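Reading the structure
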Amino acid sequence: MDKPKVVLGVSGGIAAYKACELLRRLTESGHDTTVVPTASALHFVGAPTWAALSGHPVSTEVWSDVHEVPHVRIGQGADLVVVAPATADLLAKAAHGLADDLLTNTLLTARCPVVFAPAMHTEMWEHPATQENVATLRRRGAVVVEPAVGRLTGADSGKGRLPDPDAIFAVCRRVLARGPVAPDLAGRHVVVSAGGTREPLDPVRYLGNRSSGKQGYALAATAAARGARVTLVAANSALPDPAGVDLVRVGTAVQLREAVLKAAADADAVVMAAAVADFRPASYATGKIKKRDGEEPPTVVLVRNPDVLAEVSADPARPGQVVVGFAAETDDVLANGRAKLRRKGCDLLVVNEVGETRTFGSSANEAVVLAADGTETPVPYGPKEDLADTVWDLVAERLTGG
Ligand code: CTP
């Protein structure tokens, strides 16, 4: 089989050096990668570096090797174009269809999936001009990964960092694995909750659960690769940040509710994969609870937590919002799942069986997705990404009214 053909566009930002690492990941994993830098990118990393690492000649202009018509051929022949870093200027040119160098020509002639990994200062990213350009590109089907938050070029920090090359590589692999299909969640905003809440008893103890967050993180990563803007509300997960999603960290069920409701206000879909504690201690001891000889052990009184899934389902923030719940069951899995779907009022409920050795912390899952319209979609045992993709297939169908 031919190697997948990838075009790595590099525009003129300091993060261009990180694209060398991305290029290595691509070539070492068997992708035939052509680098198309802009002229200003070459101020940061020179053409010999790109040529040596890619094994292909490098040009910024349409005037080299004109007999081969590179400004058309490179884009037409690609299975994936990824631009990393994508500067504010490059995003503006792409959104408006300008074509004054080889990279912008390539972007106009490519009919394959296109991924942009923006990197710039926070002010430039937040400027309405950039935000409108990003929205335009997403609406047209490009995957624009959210920049990471952290240290920027100077001493300042904020949103605008290029995500880690590994994380961008993971997005590229997912997009390539889907083939030449349009990203069906492009232009959509989805909210995913992940992990398990912790309800504090005193400054050192909490009531928690064994959720690792893997399923929720897989849902966030797969949605980003399908073009969605993703808000991931993560409760106490130790997993590495997935590239290109807005991450909101929370601890308790009450904090999770607040973060989910805020993000859900303009969301097309809300997927509640987090294991949310149904109860929390009625009171919090500000000092560590001590054992004392001769005293009875303390009794922990619990109160109910809000049910976020039921709340979002009962009063969706926008018409047509698709709400998905998860049900972890130990017995009578399907019967309990069907009853829970009715009780919670969500559109889809992913039901899986849990136990000491099943599901929690593992990278694989087996489930049935129950829908409010009565359909049932079994998902065989496999990676959590596969289950995530089935969930997004069903969400996408409902969003387009299919
Ligand atoms: N959930 C929620 N808020 C809660 C509890 C659960 O939003 N306070 C959501 C979970 O994120 C999940 C779904 O509800 O999507 C199912 O959670 P589960 O604990 O299995 O169901 P419960 O309603 O708590 O039922 P039970 O524990 O009685 O089985």
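Residues numbered from 1 in each chain as written. Predicted model: local features only at pLDDT ≥ 70, side-chain atom pairs only at ≥ 80, totals over all residues. Heavy atoms only, no water.

As for the site of the ligand
The ligand sits among 16 residues. The nearest are Met272, Ala274, Leu309, Phe326 and Lys344. Take Ala274: an N or O atom from its main chain is 2.7 Å from an oxygen atom of the ligand. A distance of 2.9 Å is found between a nitrogen atom of the ligand and a backbone nitrogen or oxygen belonging to Pro306. Coverage of the ligand by the protein chains reaches 78% of its 580 Å² of free accessible surface. Going through the elements one at a time, α11 (308-314), β16 (322-329) and α12 (333-344) are the ones with two or more residues in the shell around the ligand. Here the element with the most residues in the shell around the ligand is β16; it accounts for four residues. For the shell around the ligand, the per-class residue count stands at ten nonpolar, one polar and five charged. (Near = heavy atom within 4 Å. Polar contact = N/O pair within 3.5 Å; in protein donor to acceptor, adjacent residues only side chain to side chain. Areas by Shrake-Rupley, 256 points an atom, 1.4 Å probe, with all protein chains shown as cover. Helix = DSSP H or I, 4+ residues; strand = E, 2+ residues; numbered from the N terminus. Nonpolar A, V, L, I, M, F, W, Y, C, P; charged D, E, K, R; others polar.)

A word on the domain arrangement of the chain
As far as domains go, the chain holds domain 1 (5-178) and domain 2 (189-399). Between the C-alpha centres of domain 1 and domain 2 there is a distance of 34 Å. In this complex, domain 1 contributes twelve residues to the contact, which on the side of domain 2 involves 13 residues. Taken together, the two surfaces of domain 1 and domain 2 that pack against each other cover about 1000 Å², and 58% of this comes from carbon and sulfur. Area buried by domain 1 at its contact with domain 2 is led by Glu146, Arg174 and Arg178, which between them contribute 51% of it. Between Asp246 and Lys159 there is a salt bridge, and its shortest N-O distance comes to 2.6 Å. Counting the contacts that link domain 1 with domain 2 gives three residue pairs in polar contact (both at pLDDT 80 or more). Take the side of domain 1 that touches domain 2: its biggest share by element is six residues, from helix α8 (residues 165-178). In terms of residue class, the side of domain 1 that touches domain 2 is made up of seven nonpolar, no polar and five charged. (Domains from an automatic or database assignment. Contact = heavy atoms within 4.5 Å. Buried area = accessible area lost by both parts, 1.4 Å probe. Salt bridge = Lys/Arg side-chain N within 4 Å of Asp/Glu carboxyl O.)

Brief notes about the environment of Asp268
Along the polypeptide, Asp268 turns up in the loop between α10 (253-264) and β13 (269-272). Asp268 gets classed as buried once you look at its relative accessible area, which sits at 9%. Sequence spacing of Asp268 and Val191 is 77 residues, and the spatial spacing of their C-alpha atoms is 8.2 Å. Residue contacts for Asp268: discarding those within four places in its chain leaves Gly187, Arg188, His189, Arg318, Gly320, Gln321, Val322 and Leu399. (Buried < 20%, exposed > 50% of the residue type's maximum accessible area, 1.4 Å probe, protein only.)

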